[in-house]
Amino acid sequence: FALIVIIPLLSIGQNDSIIPFVDGKIKFEKIIDIPGKTAKQLYSDAKLMIADIYRSGKAVVDVADNEALFIVVKGIAQYPLNDGFGTIQQKLEHTLKLQFKDEKIKITFTDLVVYRVNAECIVEPCKGLRYSQKVRELHKKGILSVWDDLQMTIGNQLKTKTDNW
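Before going further, it helps to examine the overall build of the protein. On a plain count of helices and strands, the protein comes out with four helices and eight strands. Listing the helices and strands of the protein from first to last along the sequence gives β-β-β-α-α-β-β-β-β-β-α-α. When each of the 165 residues of the protein is scored for burial, the buried share is 42%. Sequence separation of at least 24 residues holds for 63% of the intrachain contacts in the protein that already meet a minimum separation of 6. Counting only carbon and sulfur atoms, one obtains 52% of the accessible surface of the protein, whose full area is about 9300 Å².

Right, here's the structure in full:
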């Protein structure tokens, strides 16, 4: 878990977006169309892409199944958080699951943890944890920016990556 996502945070301006909850847990999902590539090609390209996104692709891949065509990544991303005393890079532990079909990839972003606290208890009130509305909004904005950047980076890299070098 000492690995960090290397993604520029380009979409910080999403203050009013919704954090999706499924069964009480934060769960982002998106299907991206990648025309002209088979599921096997997408799987192969994604393994290379993970090495580009994370400092060490091999170390963050929790499970990779080339028969069922899915990859599970346990990683850490960062987002800027101004706590009133200055801006820090807040770490966001996460699970990223990639599933492949011909011309499609399904991305699932779950198991979010911010500084040893489940993100669900930071963006929404939980018993015993008190965060101000301002702090909640700052974390929501950061989590959304990480999600936006991950899906944009994955989609762009898989649409352009090719094994023909």
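More follows now that the structure is in view.
Attention shifts here to the packing of helix α1 (residues 39-53) against helix α4 (residues 133-160). In contact at an axis separation of 10 Å, α1 and α4 are set at 125° when each is read in the N-to-C sense. Judged on the interaxial angle alone, α4 and α1 are oblique. Seen from above, α1 lies across α4 with right-handed handedness. In this structure, α1 uses Leu42, Asp45, Ala46, Met49, Asp52 and Ile53 to contact α4, whose residues at the interface are Leu150, Thr153, Ile154, Gln157 and Leu158. Looking at the contact of α1 with α4 residue by residue, the class counts come to seven nonpolar, two polar and two charged.

What counts and what doesn't
- Residues numbered from 1 in each chain as written.
- Predicted model: local features only at pLDDT ≥ 70, side-chain atom pairs only at ≥ 80, totals over all residues.
- Heavy atoms only, no water.
- Helix = DSSP H or I, 4+ residues; strand = E, 2+ residues; numbered from the N terminus.
- Buried < 20%, exposed > 50% of the residue type's maximum accessible area, 1.4 Å probe, protein only.
- Contact = heavy atoms within 4.5 Å.
- Areas by Shrake-Rupley, 256 points an atom, 1.4 Å probe, with all protein chains shown as cover.
- Axes fitted to C-alpha atoms, helices over the stretch in contact; angles between N-to-C directions.
- Parallel < 35°, antiparallel > 145°, perpendicular 65-115°, else oblique.
- Left-handed = near helix turned anticlockwise from the far one by under 90°.
- Nonpolar A, V, L, I, M, F, W, Y, C, P; charged D, E, K, R; others polar.

Worth remembering: the numbers are spatial, not functional.
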